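# Fold and contact review
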Amino acid sequence: MLEKGLFLYYTFLVYDLGEFFLYKDLVSLMIRRPYKITVVNKKTNKRSIVNADADCPSEGPGELGSVLSELINAGFTDIDVPHDCGGHLSCSSCAAIVTGELSKATPREEELDMIDLLKETEEKRLMCQICPSGQSDITVVIPAKNELK
Ligand code: FES
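To keep things clear, this report deals only with the structure shown in the data block. Note that the structure is a prediction, hence the values are computed from the model and not measured.

### Quick notes on the environment of Pro34
Locating Pro34 in the fold gives a position in strand β1 (residues 34–41). Separated by 22 residues in sequence, Pro34 and Cys56 have C-alpha atoms that sit 8.9 Å apart.

### What about the pairing of strand β3 (residues 95–99)?
Relative to strand β4 (residues 124–126), β3 runs antiparallel, the two being bridged by three bridges. Residue pairing in the sheet places Ala95 in a bridge with Leu126 of β4. Here β3 pairs with strand β5 (residues 138–142) via three bridges, running antiparallel. Directly across from Val98, in β5, lies its bridge partner Val140.

### Some words on unusual backbone geometry
Non-glycine residue Asn45 carries a positive phi angle of around 55°. With respect to the helices and strands, Asn45 occurs in the loop between β1 and β2 (46–53). By C-beta crowding, Asn45 is classed as exposed, having 8 other C-beta atoms within 10 Å.

### A look at the sheet that holds β5
Strands in a sheet are paired, the pairing made by backbone hydrogen bonds, and the direction either parallel or antiparallel. The mixed open sheet is built from five strands, whose spatial order is β2-β1-β5-β3-β4. Among the strands making up the open sheet, the edge pair consists of β2 and β4. Across the sheet, the axes of successive neighbouring strands diverge by a mean angle of 35°, strand direction being ignored.

### Quick notes on the environment of Val141
When you line up the elements, Val141 lands in strand β5. Since 15 C-beta atoms lie within 10 Å of it, Val141 is described here as partly exposed. The spacing of Val141 and Lys42 is 99 residues in sequence and 7.2 Å in space, taken between C-alpha atoms. Excluding its chain neighbours within four sequence positions, the residues that come into contact with Val141 are Val40, Lys42, Ala96 and Ile97.

### Structural notes on the nonpolar core
Here is a general trend for soluble globular proteins: nonpolar side chains tend to be buried in one another's company. Grouped together as the largest cluster of nonpolar side chains are 21 residues, with contacts concentrated most on Val67, Leu68, Leu126, Met127 and Val140. Residue assignment for this core shows that the elements contributing at least two residues are β1, α2 (67–73), β3, α3 (109–115) and β5. When residues of this core are assigned to their parent elements, the largest contribution, four residues, is made by α2. Each residue touching Leu126, except ones within four places of it in the same chain, is listed here: Leu89, Ser92, Cys94, Ala95, Glu111, Met114 and Ile115.

### Structural notes on the pairing of β2
Pairing of β1 with β2, which is carried by eight bridges, proceeds in the antiparallel orientation. Its bridge partner being in β2, Val39 is matched across the sheet by Ser48. Hairpin connection, β1 to β2: the antiparallel pair is bridged by four residues, and Asn45 has positive phi, about 55°.

Calculation rules
- Residues numbered from 1 in each chain as written.
- Predicted model: local features only at pLDDT ≥ 70, side-chain atom pairs only at ≥ 80, totals over all residues.
- Helix = DSSP H or I, 4+ residues; strand = E, 2+ residues; numbered from the N terminus.
- Pairing = 2+ DSSP bridges.
- Buried ≥ 20, exposed ≤ 12 C-beta atoms within 10 Å, placed from the backbone.
- Axes fitted to C-alpha atoms, helices over the stretch in contact; angles between N-to-C directions.
- Contact = placed C-beta atoms within 7 Å.
- Core = buried A, V, L, I, M, F, W, Y, C linked by C-beta atoms within 7 Å.

Okay, here's the thing in C-alpha coordinates:
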(Lines give C-alpha, C1' and ligand atoms only; values in the text may rest on other atoms or scores of the structure.)
Protein backbone atom coordinates (compact mmCIF):
# COMPACT_ATOMS: atom_id res chain seq x y z
CA MET A 1 0.00 0.00 0.00
CA LEU A 2 2.84 2.38 0.95
CA GLU A 3 4.71 1.57 -2.27
CA LYS A 4 1.60 2.31 -4.31
CA GLY A 5 1.18 5.62 -2.46
CA LEU A 6 4.81 6.57 -3.11
CA PHE A 7 4.42 5.63 -6.78
CA LEU A 8 1.37 7.87 -7.08
CA TYR A 9 3.14 10.67 -5.20
CA TYR A 10 6.15 10.55 -7.56
CA THR A 11 3.88 10.29 -10.60
CA PHE A 12 2.06 13.47 -9.59
CA LEU A 13 5.36 15.15 -8.73
CA VAL A 14 6.77 14.40 -12.19
CA TYR A 15 3.49 15.50 -13.77
CA ASP A 16 3.57 18.78 -11.81
CA LEU A 17 7.19 19.42 -12.78
CA GLY A 18 6.34 18.75 -16.42
CA GLU A 19 3.46 21.18 -16.21
CA PHE A 20 5.72 23.73 -14.54
CA PHE A 21 8.32 23.51 -17.30
CA LEU A 22 5.61 23.64 -19.97
CA TYR A 23 4.19 26.72 -18.25
CA LYS A 24 7.66 28.27 -17.99
CA ASP A 25 8.25 27.68 -21.73
CA LEU A 26 4.90 29.20 -22.58
CA VAL A 27 5.63 32.26 -20.44
CA SER A 28 9.06 32.74 -22.01
CA LEU A 29 7.47 32.49 -25.47
CA MET A 30 4.91 35.11 -24.49
CA ILE A 31 7.59 37.45 -23.10
CA ARG A 32 9.87 37.20 -26.15
CA ARG A 33 9.00 39.72 -28.77
CA PRO A 34 10.18 38.47 -32.17
CA TYR A 35 8.62 40.31 -35.07
CA LYS A 36 9.00 40.69 -38.83
CA ILE A 37 9.88 43.81 -40.76
CA THR A 38 8.49 43.82 -44.30
CA VAL A 39 10.48 46.26 -46.39
CA VAL A 40 9.00 47.62 -49.60
CA ASN A 41 11.64 49.64 -51.42
CA LYS A 42 10.09 51.83 -54.12
CA LYS A 43 13.51 52.84 -55.40
CA THR A 44 14.71 49.32 -56.16
CA ASN A 45 11.24 47.74 -56.44
CA LYS A 46 12.34 45.07 -53.98
CA ARG A 47 10.29 43.52 -51.21
CA SER A 48 12.08 41.81 -48.34
CA ILE A 49 11.21 40.34 -44.97
CA VAL A 50 13.57 40.60 -42.00
CA ASN A 51 13.25 38.73 -38.71
CA ALA A 52 13.99 40.85 -35.65
CA ASP A 53 13.58 40.55 -31.90
CA ALA A 54 12.63 43.52 -29.73
CA ASP A 55 14.28 41.80 -26.74
CA CYS A 56 17.63 41.68 -28.55
CA PRO A 57 17.73 45.09 -30.23
CA SER A 58 20.45 45.60 -32.83
CA GLU A 59 23.16 48.18 -32.35
CA GLY A 60 24.00 50.17 -35.41
CA PRO A 61 23.24 53.48 -37.01
CA GLY A 62 20.52 55.32 -35.11
CA GLU A 63 18.79 54.39 -31.87
CA LEU A 64 19.34 50.98 -30.29
CA GLY A 65 16.86 48.63 -31.96
CA SER A 66 15.75 51.19 -34.51
CA VAL A 67 14.36 49.99 -37.83
CA LEU A 68 17.52 51.30 -39.49
CA SER A 69 19.87 49.37 -37.19
CA GLU A 70 17.79 46.18 -37.59
CA LEU A 71 17.91 46.45 -41.39
CA ILE A 72 21.63 47.26 -41.55
CA ASN A 73 22.37 44.30 -39.27
CA ALA A 74 20.25 42.11 -41.54
CA GLY A 75 22.59 42.96 -44.43
CA PHE A 76 20.87 45.88 -46.11
CA THR A 77 23.26 48.27 -47.83
CA ASP A 78 23.39 52.08 -47.93
CA ILE A 79 21.63 51.90 -51.31
CA ASP A 80 18.82 49.70 -49.98
CA VAL A 81 18.30 51.85 -46.88
CA PRO A 82 19.48 55.46 -47.25
CA HIS A 83 20.97 56.98 -44.09
CA ASP A 84 23.27 59.82 -45.14
CA CYS A 85 24.08 61.10 -41.62
CA GLY A 86 24.66 57.63 -40.19
CA GLY A 87 21.64 57.77 -37.92
CA HIS A 88 22.59 61.03 -36.18
CA LEU A 89 19.25 62.71 -36.82
CA SER A 90 20.55 65.36 -39.19
CA CYS A 91 19.61 64.40 -42.75
CA SER A 92 16.01 63.04 -43.21
CA SER A 93 17.24 60.60 -45.88
CA CYS A 94 15.95 57.65 -43.82
CA ALA A 95 12.35 58.90 -43.83
CA ALA A 96 9.86 56.15 -44.66
CA ILE A 97 6.25 55.21 -44.15
CA VAL A 98 6.12 52.79 -41.25
CA THR A 99 3.03 50.89 -40.11
CA GLY A 100 2.87 48.71 -37.04
CA GLU A 101 3.37 49.13 -33.31
CA LEU A 102 6.30 51.28 -32.26
CA SER A 103 7.73 51.65 -28.77
CA LYS A 104 7.22 55.42 -28.92
CA ALA A 105 4.16 56.20 -30.98
CA THR A 106 4.76 59.93 -30.87
CA PRO A 107 7.92 61.21 -32.52
CA ARG A 108 10.27 63.41 -30.50
CA GLU A 109 10.45 67.11 -31.34
CA GLU A 110 13.87 66.66 -32.98
CA GLU A 111 12.50 63.98 -35.30
CA LEU A 112 9.51 66.16 -36.23
CA ASP A 113 11.88 69.04 -37.05
CA MET A 114 13.80 66.82 -39.48
CA ILE A 115 10.61 65.47 -41.06
CA ASP A 116 9.42 69.06 -41.55
CA LEU A 117 12.34 69.59 -43.92
CA LEU A 118 10.80 67.13 -46.39
CA LYS A 119 8.40 68.13 -49.16
CA GLU A 120 6.03 65.28 -48.38
CA THR A 121 5.83 64.63 -44.66
CA GLU A 122 2.61 62.65 -44.55
CA GLU A 123 2.92 59.62 -42.27
CA LYS A 124 6.70 59.52 -42.59
CA ARG A 125 9.00 58.64 -39.72
CA LEU A 126 12.77 58.47 -39.52
CA MET A 127 13.97 54.87 -39.58
CA CYS A 128 16.97 55.78 -37.44
CA GLN A 129 14.71 57.00 -34.63
CA ILE A 130 11.78 54.62 -34.50
CA CYS A 131 12.01 51.42 -32.51
CA PRO A 132 9.38 48.69 -32.98
CA SER A 133 7.83 47.46 -29.75
CA GLY A 134 7.78 43.86 -31.00
CA GLN A 135 4.05 43.62 -30.29
CA SER A 136 3.29 43.26 -34.01
CA ASP A 137 4.99 42.89 -37.36
CA ILE A 138 5.72 46.16 -39.12
CA THR A 139 5.88 47.34 -42.71
CA VAL A 140 8.37 49.91 -43.96
CA VAL A 141 7.83 51.59 -47.32
CA ILE A 142 11.01 53.31 -48.47
CA PRO A 143 10.18 56.05 -51.01
CA ALA A 144 11.97 56.35 -54.32
CA LYS A 145 13.37 59.66 -53.09
CA ASN A 146 12.99 61.95 -50.11
CA GLU A 147 12.92 65.45 -51.52
CA LEU A 148 13.74 68.42 -49.34
CA LYS A 149 11.69 71.63 -49.43
S1 FES B 1 19.89 58.68 -41.07
FE2 FES B 1 19.95 60.82 -41.04
S3 FES B 1 18.16 61.36 -39.99
FE4 FES B 1 18.08 59.21 -40.04
